[in-house]
Each structure stands twice: as C-alpha cells, then as structure tokens.
Amino acid sequence: MNKTAAILLAAVLIAAAGSAVYRPALEAGFYLDDLPSIVNNHAITDVSDLGAIWNFWPTRFLTYLTLALNYHRAGLNPASYRVFNVVVHLAAALLVYLILLEPVRLPRSASLAGALFFLLHPVQTQAVTYIVQRAASLAALFYLATIFFYFKSFRTSPVRGWRKTFYLLALISAAAAFLSKEYAVTLPFSLLLIQRLFGERGRRSRLGLVPFFVLLLIFSMIVFSHRENPYYRDSGQLQLLREAASPAEPESPPPVPVSDYFRTQPRVALTYLRLVFYPVAQQLDYDYPFFSSLVEPPVAFSLAVIAALLLAAVKAAALSPPAALGTLWFFLALLPESSLVPILDPIAEHRLYLPLFGPALLFGLLVQRFILPRPRFLLAPAAVILCLAALTFQRNRAWTDPVAFWEDNAARAPGKARVVGNLGKAYLDVLERAPPLSPAERSRYRRRAVEAFERVLEIDPRQGAAHVNLGVLYIDHFNDYSRAEEHLRSALELYPGYAPAHLNLGVIRLNRGELEEAIEKFKRTLEFDPRNQAAFLNLSACYINLGRLDEGADWVRRGLAIWPEKPAYYERLALIARRRGEEEAAARYDRQAAELRRRRGF
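Residues numbered from 1 in each chain as written. Predicted model: local features only at pLDDT ≥ 70, side-chain atom pairs only at ≥ 80, totals over all residues. Heavy atoms only, no water.

Colleague: Honestly, the overall build of the protein chain in this entry has me stumped. Any pointers?
Modeller: Check the secondary structure of the protein chain and you find 28 helices and zero strands. Relative to the 2.2 N^0.38 estimate, which gives 25 Å for 602 residues, the radius of gyration of the protein chain is 27 Å and therefore close to what a compact globule would have. Across its three principal axes, the protein chain shows a C-alpha extent of roughly 80 × 55 × 50 Å. The buried share of the protein chain, reckoned over its 602 residues, is 56%. (Helix = DSSP H or I, 4+ residues; strand = E, 2+ residues; numbered from the N terminus. Rg over C-alpha atoms; globule rule 2.2 N^0.38 Å. Buried < 20%, exposed > 50% of the residue type's maximum accessible area, 1.4 Å probe, protein only.)

This is the structure in structure tokens:
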C-alpha cells in the first residue's frame, strides 16, 4: 500500500471510530462554563462583530469566533457545537498519526495505534464533549499542525517549491494556536525539543525557529495590554464557573497563593498519569486538596516520581529519541497550567488534551518495539484500544443525563459546594424543563433540590447562588413567598449588587400583583446586570398588567436591541399586539418567534 492510500485508510478509521464513540455526546446539553460562555454570552450573538469577540477574550479569539459561528448557524442547539468539537478532535488525531509517521518515523501500524490511543482515550471527553473546552482541542489542533508543517518544510525537496508553503502554513497554524488558548506558549519550545531530538540542528533550522519566538513575544504583549481583562485573572474564571447555577456573584474568594498552587502540582501531575494509565472515576469538577509544603509525603513522592521520569527521558534521548520526546512532551505541555500560574481549580481533565500526545507516542513506540516483531501479540494493543473506546462511549453517555452525571460527581466530591450546587440545579432543571412529572416525582425532585442547596450553604455559607436557587424553588414550586424572600434577602446581605436576587424579589412582587414595587426591583436588576433578559420581559409584564401597553412594548424592544434573536421577546410583542387588536402584527411576531425557535434551537 502506498503512503497516500495508507493515510486515507487511517483517516477513514479515525473518522469511523471517533464518530462512533462520540455519537452519544450529541444528545447532551450545556454544562458549567457553557452557560456564561455560550448561552448568556452577548459577545457571540453577532458573528460579524469581531471587535466584541476580540475584547471578550483576545487570546481565545478563534475559539470564541467558532462559538459565534455555531450560534449564527444553529443558535443554542448543543449538538451543533459538539459536532464541531468532534470534527476538531478527529482532525487532531489524524495529525497525531502524521506526526508519528514523520518526524518521529514510527511504522504506519504503530503510528495508527498511537493516533487511536489519542482519539479514543476517555480523558479526552472533557475537551470534546464539554463544549467550551474546545479551547483546549482547537489550540491542540493548530499546535500539532504547526509541528507537522514545520518539519515538513525541512524534509520536502526544495525542487518542488513546497518548503516555503509548508513553512508559511506552520507560521499561520502557530498564530492560530496562540489565538485559541494560552497554553500555546510552549509551542516554540516543543519545536526546539523535536529539532534537538530528531537531528534538525543546522543553521537554517535554528533561524527557522526565530519567527515562532517572535509570535510568543507578540502573544505576551497582547496579554499584557489586556491585563485588566478578568479572564487573565482567576477571578474571571471563578465567576464563569459559579454561573452554573445563576449569573456570577460579584465577589470572589481570596486567590490561591502561588506557592500552594505550585506545591500542589506535582501531586496533580501524578493524578494525571493515573488517569492516563487507569482512566476510571472521572470527574468534571474535582475537590482536590492544596498542599503547603514540598516535604509533605504525597508531594515528596510525586516529585521523586517526576524526577525519575525526567531523568530517564534525558538519558534515553540518545538511544531512543521517541521515548524521550513522549515523556518530555507530557510534562512540557502541562507546564502552562500546572506550574507557577495559579488557577482556581488545581486539576481539570481537559488540561490533559495536548499532553496526551506524549503517552500516545509512547504507546505507538511500544507497539513498534514489542508487538510488531511478535504478531501473535497483536491482540494486546487492540484490546487496549477497544477498552479505551468502550470507556469513552460510556463516559459520553453519562453526559446525556445531568442528574446522574452530577450525582456521580457529588458522590466523589461531596464537600465541594460548586459540585453540590450543580446537582441541585440539575434537580431544579428537571422540575422546570422536563415533561410533566407525577406528584410523587415532583415531590422527590423538590426535596432533593432543597437538600442540595441547603448542603451548599453548610459547606460555604457565602454561596449567594444557593440562596437564590432556594428562593426560586420556594417561588415556583412551593408557592412560599415568605421563605423565598428570606433566602433572597440573605443573598443580598452577602452581595448587595447580586442581580438574580433583585430579579426574584421582583418576581415575588409581580406574582402578588404589587406591580409598582415589582417595576422598581426589575429596574434595580438592570442597574447591576444591564443585559438581564428576564428583567426586560418582567418589566413588560408589569406594564401590560397596568394597561400601559406602549411602555410594555418599549421594554421588550430594549431587550431585543441587546438580544435580537430571543424568541420570547417576539412572543411578548405578539401578546401586546393582540391586546391592541392588531392580529396581523401578532401573527407576524408569532412567525418570527417560531422561526427563531426552529433555526436556533431555543
């Protein structure tokens, strides 16, 4: 079989296997950061407004541009976003195959084994199925493309004139990686490492690296010039994560000390290694302890293991460059998020996406060294790949049931407020969005939701979101406005500018018919959250009930100016038109709302 046919066959196998194991994920909804980054993110609602997308998060511009394209094409249909993520993952796996062929120079079958390991490993689900973490997979795609094109430019005959083309493609891919996720800062060093290990040491190869380090300098200048952007401080990430239950609380807990974060990361690296070789008990959200000393036994042991692995890799560099690259790549790719830069969460599985290239290379190397010379053992790597595929399929199925998903996570992290809060929110969503429940089921989910949010407050009494969610439960599902108001006022005692609390106090007034007070509360909501969709709709409801239809329509149009593709606004305009006896206008608004729901997945 010639080289082109082999690559096409590998591409077909990768596409078939990846599509099969990720098919269940298309049925899943939005999780955690998906809500503020997609569902409630005004920056992605207009794909032509590149300035808004850039200002939202400059060094993830391409990531959010692709989210904006998804939104433009399919609104809030999660399947559309995940199809894109799966395609990115398939392309990344194909690049792994091509890189293992060249410059690593493994045999085709060993390269395919490594690519399938990368593709089908269950730890990759968090960068594929968890929609907003496409930042990790998209940056990895461009990162791997850079490596492939860069070394292709050195090993292509200059007679054909392709060297400059491949080199230019490498530079473009590198720039795209830097604009997808920040961990691309290691890219120039990865190129240097591969050059050193695989013999590209001439003057031309050294000069060829200079533009990539210039890109790194430009990237650093972008980050510095936008240093006030909350996404370059961990408080921004904290607020995104808390918005799983409701919009972000205006205050954040003290940041993690740099020293504690650094001392914890050796232990985290060992946990990552465990996930690579024994990928069970996965969690979206870990309750991971911080360590305050390098001599604590878990940290000291982890440091010893890491040092031994790095020493072995350095010593193996001359004898087995692929083995050295596989080991050194893993730790180099982890550095940006597992070193001196403190992040709210010390561990997250999507951070393993790019580092997993290292173990994938080592798996391919094992196949080359120990399996291909002994064909009778070919079933061993096949069994490993099938086991990984089965685990990935099972993990993707888990994402389709938020209640079971968060119950499993809460069982593994029972002391983490965010996990328990998301479990409570999953119960609340069943009450609000599921088909009609039996009285017994409704009672069970109400009780579980209350218990979950009360448990959150036991873990962390400063969780204003838990108070608000209890308020929503007592308003919508117990009709107990007194209890609801107690919780909402408790949230405001913690965070006086917390918009969801003001909003739901307004809902209580609206439900009681206290319309003027309700108007005051909804306007107060907009002072703290000027894009609050529900506040515009509730203000219109108040004015409609007061018989002031023009003012009601005015508040709807204000909301439409910010959220032009939300069907609820058109439905409200249809209601107002009918109150005025304008049936033709009402029908037109109804058609607009129906078309938006059809096209946008609302």
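Moving on, there is more to tell.
Colleague: Could you clarify how one ought to interpret helix H16 (residues 357-371) in this entry?
Modeller: Since one α-helical turn is 3.6 residues long, residues separated by three or four positions face the same way. Helix length check: H16, at 15 residues, gives a terminal C-alpha distance of 20 Å against a target of 21 Å (1.5 Å per residue), a fit within 8%. Among all positions of H16, only Phe357, Gly358, Pro359, Ala360, Leu361, Phe363, Gly364, Leu365, Val367 and Ile371 are buried. Elements in contact with the buried residues of H16: helix H5 (78-101), helix H6 (108-120), helix H8 (134-155), helix H13 (258-277), helix H15 (321-334) and helix H17 (379-398). (Expected span 1.5 Å × (residues − 1). Contact = heavy atoms within 4.5 Å.)

Colleague: Just checking my understanding: could you explain the side chain of Thr125 for this structure?
Modeller: Residue placement: Thr125 occurs in helix H7 (residues 125-128). Beyond its immediate sequence surroundings of up to four residues, Thr125 is in contact with Tyr22, Tyr130, Gln282, Thr392, Arg395, Asn396 and Trp399.

Colleague: Any chance you could explain the side chain of His89 here in plain terms?
Modeller: Along the polypeptide, His89 turns up in helix H5. You can call His89 buried: its relative accessible area is 1%.

Colleague: Is there a simple way to explain the packing of aromatic side chains in this structure?
Modeller: Here a ring pair, both rings aromatic, is described through the centre-centre distance and the interplanar angle of the planes. Evaluated as defined, the whole model comprises 29 aromatic pairs. A ring pair is formed by Tyr150 and Phe151, whose centres lie 5.1 Å apart and whose planes are at 90°; its orientation type is edge-to-face. A single burial state applies to Tyr150 and to Phe151, both of which are buried. Arranged with centres 5.4 Å apart and planes meeting at 90°, the rings of Tyr150 and Phe212 form a pair that is edge-to-face. Placement of Tyr150 in helix H8 and of Phe212 in helix H11 (residues 203-225) is noted, with a sequence separation of 62 residues between them. In this structure, Tyr150 and Phe212 share a single accessibility class: buried. Among the aromatic residues, those joined into a ring-pair cluster are Tyr31, Tyr130, Trp399, Phe405 and Trp406. The ring of Phe478 is capped by Arg446, whose NZ or CZ atom sits 4.5 Å from the centre of that ring. A cation over an aromatic ring shows up here: Arg558 above the ring of Trp555, its NZ or CZ 4.0 Å from the ring centre. (Phe/Tyr/Trp six-rings, centres within 6.5 Å; stacked < 30°, edge-to-face > 60°. Lys NZ or Arg CZ within 6 Å of the ring centre and 35° of its normal.)

Colleague: What should I look at first to understand unusual backbone geometry in this one?
Modeller: Excluding glycine, residues mostly have negative phi values, and the peptide bonds linking residues are mostly trans. Of note, the amide linkage connecting Glu102 to Pro103 takes the cis form, showing an omega dihedral of 20°. Relative to the assigned elements, Pro103 resides in the loop between H5 and H6. A positive phi angle is found at Leu32, which is not glycine, with a value near 40°. Mapped onto the elements, Leu32 comes out in the loop between helix H1 (3-22) and helix H2 (34-39). Among the residues examined, Leu32 registers a relative accessible area of 5% and is labelled buried.

Colleague: Just to check I follow, could you spell out the pattern of salt bridges for this structure?
Modeller: Pairing between side chains of opposite charge can happen when their charged atoms approach one another. Following the criterion strictly, the structure yields 27 salt bridges and no others. A salt bridge links Glu102 to Lys3; the nearest nitrogen and oxygen atoms lie 3.7 Å apart. One end of the pair, Glu102, is in the loop between H5 and H6; the other, Lys3, is in helix H1, and 99 residues separate them in sequence. Overall, Lys3 belongs to the partly exposed group, its relative accessible area being 42%. With a shortest N-O distance of 3.1 Å, Arg558 and Asp554 are connected by a salt bridge. Taken together, the residues Arg558 and Asp554, both in helix H26 (residues 549-562) and four residues apart, mark about one turn of the helix. What makes Asp554 partly exposed here is its relative accessible area of 34%. Connected via shared salt-bridge partners are Glu485, Arg489, Arg509, Arg512, Glu514 and Glu517. (Salt bridge = Lys/Arg side-chain N within 4 Å of Asp/Glu carboxyl O.)

Colleague: What is the right way to look at the packing of H8 against helix H10 (residues 187-198) in this model?
Modeller: To characterise two packed helices, one gives the angle between the axes of the helices and the distance between these axes. As a packed pair, H8 and H10 sit with axes 11 Å apart at the nearest point and diverge in direction by 40°. Classified by the angle their axes make, H8 and H10 are oblique. Two packed elements cross with a definite hand, and for H8 against H10 that hand is right-handed. From H8, Tyr143, Thr146, Ile147, Tyr150, Phe151, Phe154 and Arg155 reach across to H10, where they touch Leu187, Ser190, Leu191, Ile194, Gln195 and Phe198. Partitioning the contact of H8 with H10 into residue classes produces nine nonpolar, three polar and one charged. (Axes fitted to C-alpha atoms, helices over the stretch in contact; angles between N-to-C directions. Parallel < 35°, antiparallel > 145°, perpendicular 65-115°, else oblique. Left-handed = near helix turned anticlockwise from the far one by under 90°. Nonpolar A, V, L, I, M, F, W, Y, C, P; charged D, E, K, R; others polar.)

Colleague: Help me out: how do you make sense of the environment of Arg369 in this one?
Modeller: Secondary-structure assignment places Arg369 in helix H16. Classification of Arg369 by relative accessible area gives partly exposed; the value is 41%. In sequence terms Arg369 and Ala110 are 259 residues apart; their C-alpha atoms lie 9.2 Å from each other. Look past the residues within four positions of Arg369 in its chain and what remains in contact with it is Ser320 and Arg374. Reaching out from Arg369, the side chain makes a polar contact with the side chain of Ser320 at a distance of 3.2 Å. (Polar contact = N/O pair within 3.5 Å; in protein donor to acceptor, adjacent residues only side chain to side chain.)

Colleague: Where do I start with the confidence of the model for the protein chain in this structure?
Modeller: The predicted coordinates ought not to be read in detail in places where the model reports low pLDDT. For the protein chain, per-residue confidence averages 90 on the pLDDT scale, and 93% of positions sit at 70 or higher. Low pLDDT (under 50) marks residues 235-251, which in the prediction has 55 contacts with non-local residues, meaning those over four places away or in another chain. (pLDDT = per-residue confidence, 0-100.)

Colleague: Teacher, can you tell me more about the nonpolar core here?
Modeller: Within soluble globular proteins, side chains that are nonpolar generally end up buried alongside one another. Tyr64, Leu67, Leu284, Trp406, Leu473, Tyr498 and Phe522 are the most contacted members of the largest nonpolar core, which totals 99 residues. Ranked by the residues each element gives to this core, the list is headed by helix H19 (residues 417-433), at nine residues. With residues near it in sequence (within four places) discarded, Phe522 still touches Leu503, Gly506, Val507, Leu510, Ala535, Asn538, Leu539 and Cys542. In terms of nonpolar packing, the next biggest core, distinct from the first, is built from 97 residues, Val104, Ala145, Phe363 and Val367 among them. (Core = buried A, V, L, I, M, F, W, Y, C linked by side-chain atoms within 4.5 Å.)

Colleague: Would you explain the environment of Glu458 in this entry?
Modeller: Looking at the secondary structure, you find Glu458 in helix H20 (residues 439-459). With a relative accessible area of 59%, Glu458 lands in the exposed category. Separated by 439 residues in sequence, Glu458 and Ser19 place their C-alpha atoms 43 Å apart.

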